[in-house]
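Each chain, letter by letter, is given below.
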Amino acid sequence: MSWIFAHFDALRDSMRRLLQQPFATALNVAVFGIALALPCGFYIALDNVARFSRELTSEPQLSLFLTVNADASDVKAVEQRLTRHPAVLEFRFVDRSTALKDLKRASGMSDVLSELESNPLPHAFVVAGRSADPDLLEALRDEASRWPKVEHVQLDSEWARKLDAALKIGRMLVTLLGVLLSFALVAVTFNTIRLQILTRHDEIEVSKLIGATNHFIRRPFLYLGGLQGLLGGFGAWLIVAIAVRMLNHELASFGGLFGMSPSLGHMTLQQITVLMALAALIGWLGAWMSVSRHLWHMDPR
Amino acid sequence: MITVSHVSKRYPGGYEALRNVSLRVEPGEMVFVTGHSGAGKSTLLKLVGGIERPSSGSVVINGKNITSMGRASLPFLRRNFGFIFQDHKLLFDRSVYSNAALPLIISGFPRREIARRVRAALDKVGLLDRERARPVALSGGEQQRLCIARAIVNRPAILLADEPTGNLDAAYAAEIITMFKAFNQVGVTVVIATHDVAMIDELGARTVQLDHGAIAS
Ligand SMILES: Nc1ncnc2c1ncn2[C@@H]1O[C@H](COP(=O)(O)OP(=O)(O)OP(=O)(O)O)[C@@H](O)[C@H]1O
Ligand SMILES: [Mg+2]
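A quick note: this is a predicted structure, and the numbers were derived from the prediction, not measured. (Residues numbered from 1 in each chain as written. Chains lettered and ligands numbered in written order. Predicted model: local features only at pLDDT ≥ 70, side-chain atom pairs only at ≥ 80, totals over all residues. Heavy atoms only, no water.)

## Some words on the coordination of the magnesium ion (ligand 2)
All names here are of chain B. All of the protein donors around the magnesium ion (ligand 2) are Ser42 (OG) and Gln86 (OE1); their distances to the metal are 1.9 to 2.2 Å. Residue Ser42 is found in helix 1 (residues 41-48), and its partner Gln86 is found in the loop between strand 6 (81-84) and helix 3 (96-107); the two are separated by 44 residues along the sequence. Taking relative accessible area as the criterion, Ser42 reaches 18% and is therefore assigned buried. Judged by relative accessible area, which is 44%, Gln86 ranks as partly exposed. (Donors = N, O, S within 2.8 Å, 3.2 Å for Na, K, Ca; no water. Helix = DSSP H or I, 4+ residues; strand = E, 2+ residues; numbered from the N terminus. Buried < 20%, exposed > 50% of the residue type's maximum accessible area, 1.4 Å probe, protein only.)

## Focus on helix 4 (residues 111-124) of chain B
Residues and elements named next belong to chain B. With 14 residues, helix 4 extends 20 Å between its outermost C-alpha atoms, agreeing within 8% with the 20 Å of an ideal straight helix rising 1.5 Å per residue. Looking at the buried side of helix 4, the elements it contacts are helix 3 and helix 5 (140-152). Phi turns positive one or two residues past the end of helix 4, at Gly126, with a value near 75°. (Expected span 1.5 Å × (residues − 1). Contact = heavy atoms within 4.5 Å.)

## Comments concerning the sheet that holds strand 6 of chain B
Residues and elements named next belong to chain B. Read across the open sheet, the 6 strands follow the order 6-7-8-3-9-10; overall the sheet is mixed. Edge positions in the sheet fall to strand 6 and strand 10 (214-215), since each of these pairs with one other strand and no more. With 5 bridges connecting them, strand 7 (residues 158-162) and strand 8 (residues 189-193) associate as parallel partners. By the bridge assignment for strand 8, Ala161 is matched with Ile192. Packed onto the sheet, helix 1 meets strand 3 (30-35), strand 6, strand 7, strand 8 and strand 9 (206-211) and runs at close to 155° relative to strand 7. (Pairing = 2+ DSSP bridges. Axes fitted to C-alpha atoms, helices over the stretch in contact; angles between N-to-C directions.)

## Overview of the pattern of salt bridges
What the rule picks out here adds up to 18 salt bridges over all chains. A salt bridge links A:Asp13 to A:Arg16; the nearest nitrogen and oxygen atoms lie 2.9 Å apart. You can see A:Asp13 and its partner A:Arg16 sitting in helix 1 (residues 2-20), 3 residues apart, about one turn around the helix. Here A:Asp13 falls in the buried class, since its relative accessible area comes to 14%. The partner of B:Lys89 in a salt bridge is B:Asp87, and the shortest N-O contact between them spans 3.0 Å. One salt-bridge network, in which partners are shared between bridges, spans A:Asp13, A:Arg16, A:Arg17, A:Arg200, A:Glu203 and B:Arg94. (Salt bridge = Lys/Arg side-chain N within 4 Å of Asp/Glu carboxyl O.)

## Looking at the domain arrangement of chain A
When its domains are assigned, chain A resolves into domain 1 (2-55 + 162-298) and domain 2 (61-156). Taking only C-alpha atoms, the centre of domain 1 of chain A and the centre of domain 2 of chain A are 54 Å apart. (Domains from an automatic or database assignment.)

## Some points on the site of ligand 1
Residue and element names in this part refer to chain B. With respect to spatial proximity, 13 residues lie near ligand 1, and among them Ser37, Lys41, Ser42, Thr43 and Gln86 are the closest. For ligand 1, an oxygen atom lies 2.8 Å from a polar atom in the side chain of Gln86. When ligand 1 sits alone it has 630 Å² of accessible area, and the protein chains cover 67% of it. Examining the composition of the shell around ligand 1, we find that 3 residues originate from one element, helix 1, more than from any other. Across the shell around ligand 1, the residue classes break down as 4 nonpolar, 7 polar and 2 charged. (Near = heavy atom within 4 Å. Polar contact = N/O pair within 3.5 Å; in protein donor to acceptor, adjacent residues only side chain to side chain. Areas by Shrake-Rupley, 256 points an atom, 1.4 Å probe, with all protein chains shown as cover. Nonpolar A, V, L, I, M, F, W, Y, C, P; charged D, E, K, R; others polar.)

## Re empty space enclosed by the protein
Counted by the stated rule, this structure contains 4 cavities of 30 Å³ or more. By volume, the largest cavity amounts to about 100 Å³. Lining the largest cavity are 13 residues, with A:Ile210, B:Arg78, B:Phe81, B:Gly82 and B:Phe83 sitting closest to its centre. Elements with a contribution of two residues or more to the lining of the largest cavity: strand 6 and helix 5 of chain B. For the lining of the largest cavity, the leading source of residues is strand 6 of chain B, giving 3 residues. Counted by class, the lining of the largest cavity contains 7 nonpolar, 3 polar and 3 charged residues. (1 Å grid on protein atoms, 1.4 Å probe; cavity = no way out; pocket = protein on both sides within 12 Å on 5 of 7 lines; lining within 4 Å. Points joined across faces, edges and corners; volume = space filled by probe spheres on them.)

Structural data, given as structure tokens:
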């Protein structure tokens, strides 16, 4: 039982120390909060872009164009292949003459188009895939473009795929930024804890002389670092939440003009948990390194 | 209980504070270590208490060779001793009570037990009514007694006292000597480093004299 009390004591002691120097604590927490809010903010932004692109491409589509000389039996053959294909959810046939009519109507270039001797447009199919998985759609595209009389298959979500690739790079950069800032925060904690250690040097020395284990001496500092990190993580979440709220407010008045209501998503509970845990871990690690280095110099040789 | 065999101690920097020192202290015995300033009295006590490591030779406590002990075991070894430091090593930002409680907190005693033992120890050295004071508010003799309270609060089997009567007038010193006598009478092994000849004469215990790091007598 007593070890629980010992931890509790160390935790209380750390809290007392944080409150004893409210200004220094606030500064440290701010440094943590701002440094962590940066990667978190970018991450959330990328998340939102990904979500929007998913919404826009929720119907995965392929456009399948036949050669101009394809006749009814060719159309029939392709139709049968599509019907049997497991990756195809549904499809719609677009007759070349219908397509031309549509084009004339839509483009306002009926004069020019009427001049043409023959219809330049091919027969086409609009195909809906069974899933939005880009790999699956790509496989379907590659396969369909090898079918007879199929001229060209276009993946309508190609831009989404490019965006996905860009997002992937973005995420990598954010991760890199996060890792670098984490190292910086470990270093920051190392130094703040070192100052704490120096002011408590006598206490550490005496404790060691009368039989304190390194574990015992480390404990309050680990709590101090961890607690500071935790508060910093909370600060980062607060900053991100406020930023998202403010942006949403702007978006609402902006979107209102176009009759839309776009809004950015907040951090999920899971993301917040991970953020807090990482922040606490960073503080803990910085403190551990700081105390261990100090203790190492104190042991008799 | 304590066996020091052929111990030498060379401090970083090359100064040889102890040279081939051997000493045996039986359980329940009281031994004085004397010698001029710089003779190596404090060094010898620190070696016995596991605070410094010998450069050569061995120190055996209760049948355990502490010379070959790992870093991780040293704290637990130190808890067996009550150590009174020459430079007190009191914490001046803590109360008398907290100073005396430190060894028990370190050993992980429950709060209730800590209160009981600290009060008993402070009572023994006559500081019970000063438990809320800061050490700065204590006289030199009172600070010395606080050191003793901290050393005995763990009820150690061995007391290592480094100049416990240093800088004290005869009356104060006599009080403290009486305390050590009492501890010894209830079976505590006591090793005292001192150059207070009056103290030795009064107690008439075994004396080991150090001279420039070697046993003289
Ligand atoms: N940590 C240290 N580093 C280097 N030299 C030291 C160290 N501690 C003690 N010495 C040297 O070792 C010698 C013995 O020191 P020690 O403190 O054991 O003497 P002492 O007998 O206790 O003296 P005093 O009566 O003045 O307390 C001294 O010359 C001292 O300068
Ligand atoms: Mg000395």
